Amino acid sequence: MLYLAASCIALLFGPLFYRYFSSGSGLQKGLDGFIFVSLGGLVLIHILPELLEHGGFITLLFVVLGLWGPTASERIFHRYSEITHNITLTLGIAGLLLHTITDGGAMVLSQQQGNSPLLALGVILHRLPVGLAIWWLLKPQVGTRWASVVLIAMMALTAVGYFAGEQLLHQLSIENTVYLQAFVTGSILHVVLHQPHGEHSTDKQGKYQYQAGIGSLLGLGLLALLLLLDTGSQAHSDHNHAHGVEQFVSWLLTISPVLLLSYLFAALRFKLGLQPQHKNLALRWLQRLAGPESLIITLALLGPWFALYQIIGLAVIGGLLTLSKIPLTDPHLQLPNSALRFGFAHLVDRSAPWIILSLILANLIGHPSVPLENPALQVFILLLVFIPMRFCNLGAAILALALFYSGWNQVAVAFSLLAAPVINIAQLKLMTWKQGLMLGGVLLSAFIVADQVALTSSYVLQLPESINILSLVVVSLLFGASLLRLGPRKFLSRMIANLKPDHQHSHKQRGGHSHHHH
């Protein structure tokens, strides 16, 4: 009963925090940052791998449908975009309500012998961002009364889950509702990504990014705490799920020292004159495709044969793009004068979101329950990921590395190294059909080579655990500083074309609907 009361009180913190934080634009930005990171992270690192475990690969399709479906329908039926948005919001809330029944059940489970009480603590803690998010999403649109109704319903359903016993829990178990939950998870992500009310559109100059950054760092802290509790409680009962979080942490520890070395190398080449705004197109392409700091990651962690393959492959691609005089998309703007600032601030701002995305992506699609043994299918999935996004070379190297660790075929690993920095819709638009086909031909030849030649090597860098931990602390500080500088939305806006730094759905309280795109 104590757990049940605590989880309901955690939900009530939502309105209290909201009332306090919505008084000033800066505090509201901080709140936005907190919800954006804690709820978004909870979905990506905690809920999605669990759904994948039970529903397999098809789950991801339902998540994508829930995430991009509303955006697509708003564009197609622009006149009805407010209806679409409200349906999405309703679905997201319904999903959170459904989830609360299982939360109640989870608290019962945690009291059974042999299960860890950490599970209940995790449930209680993750109710904080949920209660806050519900108030944040609903109050500006439907008012206090309906938002209160939803919160009361959540408490009632938690109690239902707590007292109903196993019969109802089995009916609502993940196995029986996995695709519905996946679709709803996508809806929640959609609502989190697109700010649901544009009342704080006063922040046009990014004046409050610092507060948003602090909010997101607090969200990250809560997320880290939840994941640690989750790993502790799952270690008793569910090895696969705990494995996902532990794998994520072990990847972070492995790549951190080499990543710091890459940033140092980038600062050095900047000092020596190899800069993004160099007059020579070939040298600009070299920086876009390889850095050449991404080669350090490949050489140190994938081995010399992968590095040699990457050098030759990117040299041919770079040569083709230079001879065809194809310009680079998304050039660097406002370069710093200091080499250290370039390596450890400017480049961190540009690469950190990609590195985080690559690790989360590999953690999801490299999941043991996603059976993708066929190399052609693996390459096709990666192609779907690369086309809408503009991967940076460091992100591409980290993705290749994480997929390699997940046991993916070396053809898919090679595809990540060569294609990720160049195969994206923005870059392809700058090419003619003929140039695109030539690039496709080069990539196809490279995959045939990767299929025929063994590229794996036992010569990979292995450092003492203490150096790995120290490096991870430094990388966390660098990424945290980047988050503070940019705020979470701008931090991620480099990746997703649809997510502008302050992309907002602005729903006017009465009459009319407008969209703000800054």
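This one's a predicted model, so the numbers in the text were calculated from it and none came from an experiment.

Can you walk me through the environment of glutamate 293 in this structure?
For glutamate 293, the location among the structural elements is in the loop between α10 (281-289) and α11 (294-302). Residues glutamate 293 and asparagine 393, 100 residues apart in the sequence, show an inter-C-alpha distance of 8.4 Å. In contact with glutamate 293, not counting residues within four places along its chain, are Ser262, Phe265, Ala266, Arg269, Leu347, Asn393 and Leu394. Within the structure, glutamate 293 has its side chain in polar contact with the side chain of arginine 269 (distance 2.9 Å).

Quick question: what am I supposed to make of the environment of alanine 307 here?
Relative to the assigned elements, alanine 307 resides in helix α12 (residues 304-323). When the C-alpha positions of alanine 307 and alanine 414 are compared, they lie 9.9 Å apart, and in sequence the two are 107 residues distant. Once you skip the residues sitting within four places of it in the chain, alanine 307 turns out to touch Leu295, Thr298 and Leu299.

It is not clear to me how the confidence of the model for the chain should be interpreted in this structure. Could you clarify?
Atom-level detail of predicted coordinates should not be read off regions where pLDDT is low. Across the chain, the average pLDDT comes to 80, with 81% of residues at 70 or higher. For the chain, per-element mean pLDDT is lowest for strand β2 (residues 514-516), which scores 39, and highest for α12, which scores 95. Counting interchain partners and residues more than four positions distant, the pLDDT-below-50 stretch residues 236-242 has 16 contacts. Across residues 497-518 the pLDDT falls below 50, and counting only partners more than four positions away or on other chains, this stretch makes 61 contacts in the model.

Can you walk me through the packing of α11 against helix α15 (residues 393-405) in this structure?
How two helices sit against one another is set out by the angle between their axes and by the gap between those axes. The contact between α11 and α15 brings their axes to 8 Å, and the two run at 15°. Looking at the two axes, α11 sits roughly parallel to α15. In the packing of α11 onto α15, the handedness of the crossing is right-handed. For the pair α11 and α15, the contacting residues are Ser294, Ile297, Thr298, Leu301 and Leu302 in the first and Asn393, Leu394, Ala397, Ile398, Ala400, Leu401, Phe404 and Tyr405 in the second. Partitioned by chemical class, the residues of the contact of α11 with α15 number 10 nonpolar, three polar and no charged.

Just checking my understanding: could you explain unusual backbone geometry for this structure?
At the junction of glycine 291 and proline 292, the peptide bond is cis and its omega measures out at 0° in the coordinates. Residue placement: proline 292 occurs in the loop between α10 and α11. One non-glycine residue, lysine 325, lies in the positive phi region at around 55°. For lysine 325, the location among the structural elements is in the loop between α12 and α13 (339-365).

Please explain the nonpolar core as it appears in this structure.
Most often, soluble globular proteins keep nonpolar side chains buried together rather than apart. In this structure, Ile134, Tyr263, Ile297, Ile355, Leu382, Phe391 and Phe479 are the most contacted members of the largest nonpolar core, which totals 134 residues. Once residues lying within four places of it in the same chain are set aside, the contact partners of tyrosine 263 are Gly343, Phe344, Leu347, Val348, Ser351, Ala352, Ile355, Leu394, Leu478 and Phe479. If you look at the next biggest cluster of nonpolar residues, it comprises six residues, including Leu4, Ala106, Val123 and Tyr162.

Just to check I follow, could you spell out the pattern of salt bridges for this structure?
When charged atoms on two side chains of opposite charge get close, those side chains can pair. One pass over the structure, following the stated rule, counts two salt bridges. Arginine 269 serves as the salt-bridge partner of glutamate 293, at 2.9 Å between the closest nitrogen and oxygen. Of the two residues, glutamate 293 is situated in the loop between α10 and α11 and arginine 269 in helix α9 (residues 239-271); the sequence distance between them amounts to 24 residues. The two residues glutamate 293 and arginine 269 agree in class, both being buried.

Is there a simple way to think about the packing of aromatic side chains in this case?
How two aromatic rings sit relative to each other is given by the distance of their centres and the angle of their planes. Taken as a whole, this structure holds nine aromatic pairs when the rule is applied. Each ring, one from tryptophan 354 and one from phenylalanine 391, has its centre 4.6 Å from the other, and the planes form 35°; the classification is tilted. One end of the pair, tryptophan 354, is in helix α13; the other, phenylalanine 391, is in the loop between α14 (375-386) and α15, with 37 residues separating them in the sequence. Overall, tryptophan 354 belongs to the buried group, its relative accessible area being 1%. Taking 5.0 Å as the distance between ring centres and 70° as the angle between the ring planes, the aromatic pair formed by phenylalanine 415 and phenylalanine 447 counts as edge-to-face. Note that phenylalanine 415 is positioned in helix α16 (residues 410-419) and phenylalanine 447 in helix α18 (residues 433-452), a separation of 32 residues in sequence.

Could you clarify how one ought to interpret a nonpolar patch on the surface in this entry?
Among the surface-exposed residues, Leu377, Phe380, Leu383, Leu384, Ile387 and Ile425 lie close enough to one another that they form a single nonpolar patch of about 500 Å² accessible area. Among the elements that line the nonpolar patch, the one with the most residues is α14, at four residues. Inspection of the secondary structure puts phenylalanine 380 in helix α14.

Calculation rules
Residues numbered from 1 in each chain as written. Predicted model: local features only at pLDDT ≥ 70, side-chain atom pairs only at ≥ 80, totals over all residues. Heavy atoms only, no water. Helix = DSSP H or I, 4+ residues; strand = E, 2+ residues; numbered from the N terminus. Contact = heavy atoms within 4.5 Å. Polar contact = N/O pair within 3.5 Å; in protein donor to acceptor, adjacent residues only side chain to side chain. pLDDT = per-residue confidence, 0-100. Axes fitted to C-alpha atoms, helices over the stretch in contact; angles between N-to-C directions. Parallel < 35°, antiparallel > 145°, perpendicular 65-115°, else oblique. Left-handed = near helix turned anticlockwise from the far one by under 90°. Nonpolar A, V, L, I, M, F, W, Y, C, P; charged D, E, K, R; others polar. Core = buried A, V, L, I, M, F, W, Y, C linked by side-chain atoms within 4.5 Å. Buried < 20%, exposed > 50% of the residue type's maximum accessible area, 1.4 Å probe, protein only. Salt bridge = Lys/Arg side-chain N within 4 Å of Asp/Glu carboxyl O. Phe/Tyr/Trp six-rings, centres within 6.5 Å; stacked < 30°, edge-to-face > 60°. Patch = residues over 30% accessible without salt bridge, like charges linked within 9 Å, V, L, I, M, F, W, Y side chains within 5 Å. Areas by Shrake-Rupley, 256 points an atom, 1.4 Å probe, with all protein chains shown as cover.

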